[in-house]
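Observations on chain architecture
Residues per chain, in single letters:
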Amino acid sequence: MQEREPRAFYDDLAEDYHLVYPDWNASVRRQGTALDGVVRGALGDREHSVLDCSCGIGTQALGLARHGHRVVGSDLSPRAVRRAALEAAQRGLALPAAAADMRSLPFIDECFDVVVSGDNSVAHLLTDQDLRAALAGMRRVLRPGGLLVLTLRDYEHERAARRGAPRRFRR
Ligand SMILES: C[S@@+](CC[C@H](N)C(=O)[O-])C[C@H]1O[C@@H](n2cnc3c(N)ncnc32)[C@H](O)[C@@H]1O
């Protein structure tokens, strides 16, 4: 976990964030396909309205938009959001995006079928109060029967697994 405030940290990282992945475009495609399957499996095989409330540079938002979903992106980091919008435009995808804190989402009640917060974003919320505020807001903007998708990685577990893996599987 970075020591600086998340907004400044991710603003500084926005231009290079894709380098976190061995191949960011492949991850956009892979995560988009996986999330599309989850969404259609839970809510029906059609296109849905989705809020990615910690979209960063768009890893999950772009992936879902590629599958035809109507995705809105928001994130604490204005620079990450700007890059997500740019990446969408370069791909011919629609991705309305705005800077917003997931603890106080600026959207009307019950306006999305799906809310996504991907790849350890909620891990930045360090108190019960912040977690409650974020989860209550996500619930508020979801229509009744809508779907919340939170994805988290246990990096300590992954590091330990890699240390124990045969050399040829280490990266
Ligand atoms: C590990 S990154 C993941 C970004 C994106 N989901 C992805 O997988 O590329 C975590 C993201 O959470 C965002 N974030 C942290 N705290 C936030 C908050 N309170 N509200 C909205 N976004 C937040 C950061 O700005 C950052 O973009």
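What comes next is a walk through the structure.

Quick notes on the rules
- Residues numbered from 1 in each chain as written.
- Predicted model: local features only at pLDDT ≥ 70, side-chain atom pairs only at ≥ 80, totals over all residues.
- Heavy atoms only, no water.
- Pairing = 2+ DSSP bridges.
- Helix = DSSP H or I, 4+ residues; strand = E, 2+ residues; numbered from the N terminus.
- Axes fitted to C-alpha atoms, helices over the stretch in contact; angles between N-to-C directions.
- Buried < 20%, exposed > 50% of the residue type's maximum accessible area, 1.4 Å probe, protein only.
- Right-handed = clockwise from strand over helix to strand, strands pointing away.
- Phe/Tyr/Trp six-rings, centres within 6.5 Å; stacked < 30°, edge-to-face > 60°.
- Lys NZ or Arg CZ within 6 Å of the ring centre and 35° of its normal.
- Parallel < 35°, antiparallel > 145°, perpendicular 65-115°, else oblique.
- Contact = heavy atoms within 4.5 Å.
- Nonpolar A, V, L, I, M, F, W, Y, C, P; charged D, E, K, R; others polar.
- Salt bridge = Lys/Arg side-chain N within 4 Å of Asp/Glu carboxyl O.

A few words now on the sheet that holds strand 4 (residues 112-117). Reading across the sheet, the five strands line up as 3-2-1-4-5 and stay open at both edges, with parallel pairing between neighbours. On the outer flanks of this sheet lie strand 3 (97-99) and strand 5 (142-150), each paired with one strand and no other. With strand direction ignored, the average angle separating the axes of adjacent strands in the sheet is 20°. The pairing of strand 1 (residues 49-52) with strand 4 spans three bridges and is classified as parallel. Residue Asp-52 lies in a different strand from strand 4, and its bridge partner there is Val-116.

Further remarks concern the pairing of strand 4. Buried residues dominate strand 4, accounting for six of its six residues. Of the strand pairs in this sheet, strand 4 and strand 5 are connected by five bridges, and their pairing is parallel. Its bridge partner lying in strand 5, Val-116 is registered against Val-149. Chirality of the crossover, the property in question, places the unit of strand 4, helix 5 (residues 128-141) and strand 5 among those that are right-handed.

Attention now moves to the packing of aromatic side chains. Taken as a whole, this structure holds four aromatic pairs when the rule is applied. Here the aromatic residues Phe-9, Tyr-10, Tyr-17 and Tyr-21 are joined through ring pairs into a cluster of three or more. Sitting over the face of the ring of Trp-24, Arg-83 holds its NZ or CZ atom 5.4 Å from the ring centroid.

The geometry of helix 1 (residues 6-13) relative to helix 4 (residues 78-90) is characterised by a closest axis approach of 7 Å and an angle of 40° between their N-to-C directions. Classified by the angle their axes make, helix 1 and helix 4 are oblique. When helix 1 is examined against helix 4, the residues Arg-7, Asp-11 and Asp-12 are found in contact with a partner set consisting of Pro-78, Arg-79 and Ala-80. Considering only residue class, the contact of helix 1 with helix 4 consists of two nonpolar, no polar and four charged.

To continue, consider the pattern of salt bridges. Counted under the stated rule, the structure contains eleven salt bridges. Ionic pairing is found between Glu-87 and Arg-83, a salt bridge with its closest N-O pair at 2.9 Å. Taken together, the residues Glu-87 and Arg-83, both in helix 4 and four residues apart, mark about one turn of the helix. Given the relative accessible area of 15%, Arg-83 is considered buried. Between Arg-103 and Asp-130 there is a salt bridge, with the nearest N and O atoms lying 3.1 Å from each other. Placement of the pair is Arg-103 in the loop between strand 3 and strand 4 and Asp-130 in helix 5, with a sequence separation of 27 residues.

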